[in-house]
Every structure is written in structure tokens, then in C-alpha cells.
Amino acid sequence: MSRSTRYDTGRAPILVASTMTGARVSMEKIVNLAKRRGFVFPSAEIYGGFGGFWDWGPLGVLLKNNIKNEWWKTFVQQRDDVVGIDGSIITNPKVWEASGHIDNFFDKLVECKKCHRRYKIDVLKSGKWVTAEGEDLEDQSCKNCGANDWTEPKSFNTMFRTYIGPVEDTASKAFLRPETAQNIFANYELVRDTMRLKLPFGIAQIGKAFRNEITPGHFVFRSREFEQMEIEYFVVPGTDDKWFEKWVTACEQWFFSLGLNKKNLRLRKQSKEELAHYAKATTDIEYAFPIEKGWAELTGISNRQDFDLQQHGEFSRKDKSAFATAVDDEGKVKKVPFVIEPSFGVDRTALAFLLDAYEEQPDRLVLKLHPKLAPYTVAVFPLLANKPQLVEKARTVYKLLQRRFMTAWDDRGNVGKRYYSQDEIGTPWCVTVDFDTLEGAKRPKGTVTVRDRDSMVQEDIAIEELTDYLRAKLT
Ligand code: GAP
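Residues numbered from 1 in each chain as written. Predicted model: local features only at pLDDT ≥ 70, side-chain atom pairs only at ≥ 80, totals over all residues. Heavy atoms only, no water.

Student: Explanation requested: the sheet that holds strand β13 (residues 225-235) in the structure shown.
Tutor: The pairing of strands in a sheet happens through backbone hydrogen bonds and is either parallel or antiparallel. With mixed pairing, 7 strands are arranged side by side in an open sheet as β5-β12-β13-β17-β16-β15-β14. Strands with a single pairing partner mark the edges of an open sheet, and in this sheet they are β5 (82-85) and β14 (265-269). Shown here is a sheet whose adjacent strand axes are inclined to one another by a mean of 20 degrees, direction ignored. Sheet analysis places β13 next to strand β17 (residues 338-345), joined by 6 bridges and oriented antiparallel. Following the sheet pairing, Glu 230 is matched in β17 by Ser 343. Seen against the sheet, helix α2 (residues 58-77) touches β5, β12 (201-210), β13 and β17 and runs at an angle of roughly 0 degrees to β13. Strands β13, β15 (281-288), β16 (295-305) and β17 of the sheet are contacted by helix α9 (residues 346-357), whose axis makes an angle of about 110 degrees with β13. (Pairing = 2+ DSSP bridges. Helix = DSSP H or I, 4+ residues; strand = E, 2+ residues; numbered from the N terminus. Axes fitted to C-alpha atoms, helices over the stretch in contact; angles between N-to-C directions. Contact = heavy atoms within 4.5 Å.)

Next up, the structure:
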């Protein structure tokens, strides 16, 4: 495998994800594949793109939908203690006052006076400057031009602002939500009461979030518009440490259950200095992304204590303990519940799965996505596109499978090229309709060949058994 430079800086290649040759894949290759095969495009590319915004193409939207469906199945459908909501992206600005986002959701920005490159910096207690990418700016020289002449650090609220109605004044100012979590806290009482929930219980939400990031980058790793999958899990105070550990394990297991390589995932407890103002503890599930920093946050699990409910109690009712309804099984404890929050980014998760699945073999490129995540579950080919009987039979098989699975149709070129094309997008199974399907000679009539993406082994399967065969493989 030839090594190539990262897509955005041209520095030494940063590689991740195994290939057959033992080398690792660069972000550039994933960006190229994603564009070439319709996973992700720069937003409005015809106008030169738009920094920090991406459009998910036909295959990308299938991958993301599969990720969201699997997440929802695991954490909502298959649990008795979690329900879902779909809150509005723009909501009453008081929500953001109460949550602390108006006062605290700031990034610090410095700009090199010579080349005008901007850095988002995290100033840790040690006083060091560290960029969002983990670059150490301790010696205070610009990584881009080497100069050492900076603007004063400026604070910058990363919430996007807008105005409701025709008049743009303070009273009409509103925000695009920077996290999905706050819809859940603001609806806590209504959800609890309408669904008659008793602690411990969780509320889940999947949806868009927006942050005016100073330095978006590394493809969809950090963008200005992205999707989150979050759960706020409400527990009786005192049981929070136990639930925190349970959720860390459950989140990690979810990635493993969908085939993410254990070697590329690790848990990292945040230090006291790093913790958000509301958090008692946070563990990041980190992935070995091909970026300077290497290991970087994929998902975070936080113990948010009773911070959010206390705040919303005070801001909505002028009563800090308005939500003091946490009761144990005997109905005794009267406290505001604590909250454990598993927070996933859909786009970052999709990127990790793409990186992890990418494998270059001597004569093919294969995306070894878990079958439940692959954009298409199965592809159907007529052996020859110029034989009407083959095409007609293959269309019947295609229509049959389409009822149950995302199914691709391909009648271009020869079968070898079609396999190559489906391997590149991760389609786990390819079905070929040939002359034996019609006439039966070497195989029984009415059978097709099913070729497995990973083993490349072909099996003969009767058409009427195909649906059950694929369903069994999927589960
Ligand atoms: N409610 C807590 C919260 O939002 P966060 O660590 O800021 O916590 C959670 O975000 C997850 O959302 C991250 O682990 C990441 O997967 C995703 N995320 C955050 N900012 C992002 C961005 N700018 N672009 C893409 N994904 C992002």
C-alpha cells in the first residue's frame, strides 16, 4: 500500500486502521473514498464548499441511518427503562441561560499576527496552551509559520445565534441547540409523568446539534453541524457511581457488538482540570483517529449530578429543587435525581466505523463494515446484461429482496468488476442470477450464487430461501 499525506496539512502521514499489508489508512484515503462512492461531500461543493459543513450522500445517509437504528434498538427498543423524544432545534433561550451555555459555552481563540492562523486553545491548570488538536503550543510558536507573535486570547461563544420573527433585537434572539441534552432536561417532568416512569429511567434523543467551532477539521470529526445520540439517565443520588460504570461498559460494548476493533478503542477518565463545570466524572471512549493527536474522543459518558435539573428548577420555577421527586423503590428518597449522560456523535461514529472497516488487499479494496451497518445488505446481478431472460429473472430476485433489505442492482461490466465495486462500499453479499438459475445444469434450477464479501466464498442458495438465508446471516 502506498502511503500518502493527510488531507489537510500535507505533513507526515498519520495512519490508522489495519490493512492486509499491516499498514494503516490515512484520513485522505477515507475522504477520497467517501466522495468517490457517495458517502460524504463537501457542503455545496459547486460553490467551493463551506468550512465545517458536510453533505451526506446516498450511501452516507444509509450508513448513518443504520448507525442510528442500531443505537436506538440497543438503548431504547431493547430496554424497559429508556424512552425517546424529538425536541426542537431552536427553543426558548431561557433553556440556554439555565444550562449555563450562555455564560460558559466559550472557546478561547488566539490568532498568529503573522500568518493569521487561528488556534482554539485549552488552557490547562499548568498554564500550557494546547490546541483543540492536542498540539502543544508551550513554546508559543505558530505551528504554521513559526512566528511567536499572538493576539490576546479571546473568548468566543460557540452557539449559533438567530432571530425569531421579522425584528432582529435582543428580545427575538434565539440559538441553534449546541447539544441535544437540554431538550431532555426541559421535558423531564412531562416525560416522567406522561409515561409514569420511576427512577432509574432514561430519556434518549437523536438529532442535529450546531457549534460555531473555531477550528473545524479532520473531515467530519469536528464540524459545525453534526448529529448527536444522547441519553440522560436519571438515578437516585448515591447510586450514580454504580450507574456511571454500567453505562461506560454498555457504550463500549455497543461499539464492539458492531465490530469495532478493540485495539482501536480505549477508555480515558478525564482529569479534574478537564471536567466540565457540571460533571462529577467523565470517561471518554477514545478512538485511534488518524490525526496528530491520535487517540481522540469518540463518545463521552458523564455524571452530570443534579446540575441541570436544579438549574431548570430555579430558572423555570424559582425553586432550585422543583424536580425533587427522586424516589427509591419504597418511595422514600426526596431528592433531585442525578444524571448519567452517554453522549455519542453520529458523524464521528460513522467516521470511526469507516476507518476501522477500510482494508486494502492486493487486488481489491474492501470496507469490512458490520452487515448491520453496511449501506446495502445485498446486491443482485444478472450474469449478462444482454440476455433478457437473465435480466428478467434477476429483476424478480431484486424486487423480492428489496422488500426486506437495502438492495443494490448492478448490471454493468462483468461480475468481477461488480464484486470489486460492492466490496468498496461494504456490501456483505452479492447474488448472481446465471444460466443455471434458469435451466439447472451444474446446479439445481432456481438457485443463485451468493458470494460473501469477506471470505469471497460462493454458496448456491434456492431463490425461495434467500430471504431467510440473509436474515439468519444478519442476526
Ligand atoms: N451533552 C454533552 C455533550 O454534548 P460533547 O463532548 O461536547 O458532550 C458529545 O459532545 C459528542 O458529540 C462527542 O463525543 C462527539 O462525538 C460529538 N461532537 C461534539 N462536537 C462535535 C463536532 N464539532 N463535530 C462532530 N461531532 C461532535
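So that's the structure; there's more coming.
Student: Mind showing me how you'd approach the site of the ligand here?
Tutor: What surrounds the ligand is a group of 20 residues, the closest being Glu 179, Arg 211, Glu 213, Glu 230 and Glu 297. Within the contact set of the ligand, a nitrogen atom lies 2.6 Å away from a side-chain nitrogen or oxygen of Glu 179. Here an oxygen atom of the ligand sits 2.6 Å away from a polar atom, N or O, in the side chain of Glu 297. A total of 560 Å² of accessible area belongs to the ligand in isolation, and the protein chains cover 89% of it. Among the secondary structure elements, those contributing two or more residues to the shell around the ligand are β13, β16 and β17. Of the residues forming the shell around the ligand, the biggest block, 5 residues, is contributed by β16. (Near = heavy atom within 4 Å. Polar contact = N/O pair within 3.5 Å; in protein donor to acceptor, adjacent residues only side chain to side chain. Areas by Shrake-Rupley, 256 points an atom, 1.4 Å probe, with all protein chains shown as cover.)

Student: Which parts of the structure should I look at to understand helix α1 (residues 27-36)?
Tutor: An α-helix turns once per 3.6 residues; consequently, residues spaced three or four apart project the same way. For α1, the set of buried residues is Met 27, Lys 29, Ile 30, Val 31, Leu 33 and Ala 34. The positive-phi residue at the C-terminal boundary of α1 is Gly 38, with phi of around 85 degrees. (Buried < 20%, exposed > 50% of the residue type's maximum accessible area, 1.4 Å probe, protein only.)

Student: Just to check I follow, could you spell out empty space enclosed by the protein for this structure?
Tutor: Empty space among the atoms becomes apparent when a probe as large as a water molecule is rolled across them. Within this structure, the stated rule accounts for 1 cavity of 30 Å³ or more. The space that makes up the largest cavity amounts to roughly 50 Å³. Lining the largest cavity, in full, are Trp 54, Trp 56, Lys 64, Lys 208, Val 220, Ser 223, Glu 225 and Asp 347. Looking at the lining of the largest cavity, its residues break down into 3 nonpolar, 1 polar and 4 charged. (1 Å grid on protein atoms, 1.4 Å probe; cavity = no way out; pocket = protein on both sides within 12 Å on 5 of 7 lines; lining within 4 Å. Points joined across faces, edges and corners; volume = space filled by probe spheres on them. Nonpolar A, V, L, I, M, F, W, Y, C, P; charged D, E, K, R; others polar.)

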